[in-house]
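# Residue-level structure breakdown
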Amino acid sequence: MAMHYTPREMLEKLVAFPTVSSVSNLDLIDFVRDYLASHGVESYITPNEAGDKANLHALVGPSEPGGIVLSGHTDVVPVEGQAWSTDPWVVSERDGKLYGRGTCDMKGFNALALALVPDMLKSDMKRPVQIALSYDEEVGCIGAPFMIARMAKELPKASAVIVGEPSMMEVVTGHKGSVGFFTDVHGFEVHSSLCHTGVSAVMYAARLIDWHRQQQAESKARIAALPHDAPQKTYEPPFTTLHVGVVQGGTATNITARHCRFSTDIRFVPGESVAGWTEKYLAYVDELQAEMQAIHPEARIEVTERLANPGLREEPGQSALSEQLCRRLSGDNARHVVSYGTEAGQFQDEGFSACICGPGSIEQAHQPNEFISVEQFQAGEAFLRRVINDLAA
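Cut-offs and rules
Every residue gets a number counted from 1 within its own chain, in the order that chain's sequence is written. Only residues with pLDDT of at least 70 get local features here, since the model is predicted, and only at 80 or more are side-chain atom pairs given and counted; chain-wide, interface and lining totals rely on the full set of residues. Derived side-chain values reflect all non-hydrogen atoms in the structure, with water molecules and hydrogen atoms excluded from consideration. Fitting a line to C-alpha atoms yields each axis, with helices limited to the stretch in contact; the angle taken between N-to-C directions then spans 0 to 180 degrees. Secondary structure elements are taken from DSSP: a helix is a run of H or I of four residues or more, a strand is a run of E of two residues or more, and numbering for both begins at the N terminus. If an angle is under 35 degrees, it is roughly parallel; if it is over 145, roughly antiparallel; if it lies from 65 to 115, roughly perpendicular; otherwise it is oblique. Crossing chirality is assigned from the near helix's rotation relative to the far helix, an anticlockwise turn below a right angle marking it left-handed and a clockwise turn marking it right-handed. Contact definition: two residues touch when any of their heavy atoms are within 4.5 Å. Under the scheme applied here, ten amino acids are nonpolar (Ala, Val, Leu, Ile, Met, Phe, Trp, Tyr, Cys and Pro), four are charged (Asp, Glu, Lys and Arg), and all others, including Gly, are polar. We treat two strands as partners when DSSP finds at least two bridges between them. Any residue under 20% of the maximum accessible area for its type is buried, any over 50% is exposed, and the rest in between are partly exposed; the area is computed with a 1.4 Å probe on protein chains only. Here a patch means residues that are over 30% exposed by relative accessible area and free of salt bridges, tied together within 9 Å if like-charged and within 5 Å if nonpolar (Val, Leu, Ile, Met, Phe, Trp, Tyr). Note on areas: Shrake-Rupley with a 1.4 Å probe; residue coverage comes only from the protein chains shown. Whenever a carboxyl oxygen of Asp or Glu lies within 4 Å of a side-chain nitrogen of Lys or Arg, that contact is scored as a salt bridge. When the centres of two rings from Phe, Tyr and Trp lie within 6.5 Å, Trp using its six-membered ring, the rings pair. Their planes under 30 degrees apart give stacked, over 60 give edge-to-face, and anything left gives tilted.

Before going further, it helps to examine the packing of helix α3 (residues 107–115) against helix α10 (residues 374–392). At a minimum axis separation of 10 Å, α3 and α10 run at an interaxial angle of 40°. Classified by the angle their axes make, α3 and α10 are oblique. Our pair here, α3 against α10, has a crossing hand that is right-handed. Counted together, Gly108, Phe109, Leu112 and Ala113 of α3 and Phe377, Gly380, Glu381 and Leu384 of α10 form the full contact between these two elements. Looking at the contact of α3 with α10, its residues break down into five nonpolar, two polar and one charged.

Structure, rendered in structure tokens:
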């Protein structure tokens, strides 16, 4: 028997799955697969290597090129340590707002896309909707590339990708890219009274960390010198940011540190790339490592990439099919760019036209008492119904 849910009921179902990035999302994926199967829609599952998480994509409607991809992520950020006034895993309505973890980011959009599947099937669409649900977006868009590569290979080519991140239903055509590392500095321990014969992992890590500060200052000055209408200047902030969020190292005050680890988060503006920033960072790492090994040959620095996500590049003219579609159906003709990252750039790198347009405000994402307004939820539904009608025209 076919399963039917209103958009609100679907939102309640999805929020009830506590799909924090640190745990499995398979219960949610199994539910979506069974729901789609009840309507005769086949799901394509792409698991991660460990088998405890998976992406899901599906084609609704005719197997024809020119369809629309509706893309969202299934994971949410943790609620621990946050002061929630409601159960974060139960949708609660108050004063025109729907509270719950993920209501805004971004199970609201996912719920709308899934709840409207029966309407898609009844509408006699000439081109399909492709639903794409990924894992581990919140920790670096890790799962989406495997799903996107499979969609590009196995499904008819879609003309546009709509990533439903919360944008207040504004059409976002660009976002920053990001790259992040774990850096492990391995020193050589000696008593601090003889520190000139040792290699302090903490002290060398400090120099690497200060490199991040210097690079951000240089980026800020470089962007400030550009013309006022340079595309980078519409971002907030308009320069590349380099941040070190966690540092761990050292044994005792009077011992040169044997080990220090820190994590890096770089969010870069248009015109820059994952490869460019990786090359620049590794060049400085090699410089410091040579200096360390001149003191003791066992000292070394290891850099592990923890995330790499391309930016969403603004598309020119006729190639901007997703932008043209979303502007036509939403009525928004202003230019919008954002500093957060999504899988839109990953779709773009696989040859898709992509943009962001979804209900809710990014200001509510990751917050205690996260919510999406009923008004925005309804606006998202109305927009997706216009997408369906456009595919049936």
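We now examine the sheet that holds strand β5 (residues 97–99). In a beta sheet, neighbouring strands are held together by backbone hydrogen bonds and run either parallel or antiparallel to one another. Spatially, the three strands line up as an open sheet ordered β4-β5-β15, and their pairing is antiparallel. On the outer flanks of this sheet lie β4 (92–94) and β15 (371–373), each paired with one strand and no other. The mean angle between the axes of side-by-side strands here comes to 25°, regardless of whether they run parallel or antiparallel. On the sheet, α10 packs against β4, β5 and β15 and is oriented at approximately 70° with respect to β15.

We now examine the pairing of strand β7 (residues 160–163). Neither face of β7 is open: one carries Ala160 and Ile162, the other Val161 and Val163, and all of them are buried. Relative to β7, strand β3 (residues 68–73) runs parallel, the two sharing four bridges. Looking at β7, one finds that Val69 is bridged to Val161. In the sheet, β7 pairs with strand β14 (residues 354–356) via three bridges, with the strands oriented parallel. When the bridges of β14 are listed, Val163 appears paired with Ile356.

Taken together, the side chains of Val139, Ile142 and Phe146 present a nonpolar region at the surface, about 250 Å² in accessible area. Along the chain, Ile142 turns up in the loop between β6 (129–134) and α5 (144–154). With relative accessibility at 34%, the residue Ile142 sits in the partly exposed group.

A word on the packing of aromatic side chains. One pass over the structure, following the stated rule, counts ten aromatic pairs. When the centroid spacing of 5.2 Å and the interplanar angle of 45° are considered together, the rings of Trp211 and Tyr281 count as tilted. In this pair, Trp211 sits in helix α6 (residues 201–224) while Tyr281 sits in helix α7 (residues 274–295), placing the two residues 70 residues apart along the sequence. Comparing Trp211 with Tyr281 shows no difference in burial state: the two are buried.

Locating Glu137 in the fold gives a position in the loop between β6 and α5. Considering only alpha carbons, one finds Glu137 and Ala225, 88 residues apart in sequence, at a separation of 34 Å. In this view, Glu137 contacts His73, Asp75, Glu165, Gly341, Thr342 and Glu343; residues no more than four positions away in its chain are not counted.

Here we come to the environment of Ser319. In this structure, Ser319 sits in the loop between β12 (300–309) and α8 (321–330). Assessed through its relative accessible area of 35%, Ser319 is described here as partly exposed. Separated by 34 residues in sequence, Ser319 and Ser353 have C-alpha atoms that sit 6.9 Å apart.

Attention shifts here to the pattern of salt bridges. A complete count under the given rule lists 22 salt bridges for this structure. The partner of Glu12 in a salt bridge is Arg8, with the nearest N and O atoms 3.1 Å apart. Of this pair, Glu12 and Arg8 both sit in helix α1 (residues 7–15), four residues apart, which is roughly one turn of that helix. Between Asp34 and Arg33 there is a salt bridge, and its shortest N-O distance comes to 3.3 Å. Overlapping salt bridges, with partners in common, bring together Arg8, Glu12 and Glu93 in one network.

A separate point is α3. Counting buried positions along α3 yields nine of nine residues, so the element is predominantly enclosed. Residues of α3 that are buried: Lys107, Gly108, Phe109, Asn110, Ala111, Leu112, Ala113, Leu114 and Ala115.

We now examine the environment of Cys355. With respect to the element layout, Cys355 can be found in strand β14. For Cys355, a relative accessible area of 1% corresponds to the buried category. Placed 190 residues apart in sequence, Cys355 and Glu165 show a C-alpha to C-alpha distance of 9.9 Å. What Cys355 contacts, discounting residues up to four positions off in sequence, is Val161, Ile162, Val163, Val171, Val172, Leu312, Ser322, Glu323 and Cys326.

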